[in-house]
Every structure is written in structure tokens, then in C-alpha cells.
Amino acid sequence: MVIVACLLLPMAAVLLYAMDRLEDWLNRTPQPPRHARHGHLRLIDGGRQETLTPAQAGRRNADAA
């Protein structure tokens, strides 16, 4: 019985160590990909068109002339 306990003790220690490493690996926060760059995209102003009410559209046409 003592021999079986001595044989199982190292296997239990390895199992506990492996489970600890696995738990740390699963709970870590994901890091951004290495290829991601900050400020890579440049946005251009005026990309979205505003909807005009008929009164605003009439004023805009009168101001253009």
C-alpha cells in the first residue's frame, strides 16, 4: 500500500501543476494581435450625409444663387 502511495504522489503533483498552468492560460486576458497598429485608419470628414427638412432644403437652394 505504501508503494502504491509513493507511485501516485508524483503523478498527482504533475497533475496539479498541469491544471494550475491550464487554469492560468484559460483565465488570462487576450492580447491584441501583433499586426494591429494604433491609428492605422484615417477617417475623412463629411462621409455621412444629413437629411434635410423641406424648409432647410429651400433655404439652401436660395442661398446658392
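One can find the structure itself at the top, above this paragraph.
Since this is a predicted model, take the numbers as computed values, not measurements.

1. Observations regarding helix α1 (residues 2-27)
Move 1: Spanning 26 residues, α1 covers 37 Å between terminal C-alpha atoms, matching the ideal 38 Å at 1.5 Å per step.
Move 2: Little of α1 sits inside the fold, with zero of its 26 residues counted as buried.

2. Focus: a nonpolar patch on the surface
Move 1: Together, L15, M19, L22, W25 and L26 give the surface a local cluster of nonpolar side chains, amounting to about 550 Å² of exposed area.
Move 2: Relative to the assigned elements, L22 resides in helix α1.
Move 3: Residue L22 is classed as partly exposed on the basis of its relative accessible area of 40%.

Rules and cut-offs
Residues numbered from 1 in each chain as written. Predicted model: local features only at pLDDT ≥ 70, side-chain atom pairs only at ≥ 80, totals over all residues. Heavy atoms only, no water. Helix = DSSP H or I, 4+ residues; strand = E, 2+ residues; numbered from the N terminus. Expected span 1.5 Å × (residues − 1). Buried < 20%, exposed > 50% of the residue type's maximum accessible area, 1.4 Å probe, protein only. Patch = residues over 30% accessible without salt bridge, like charges linked within 9 Å, V, L, I, M, F, W, Y side chains within 5 Å. Areas by Shrake-Rupley, 256 points an atom, 1.4 Å probe, with all protein chains shown as cover. Salt bridge = Lys/Arg side-chain N within 4 Å of Asp/Glu carboxyl O.

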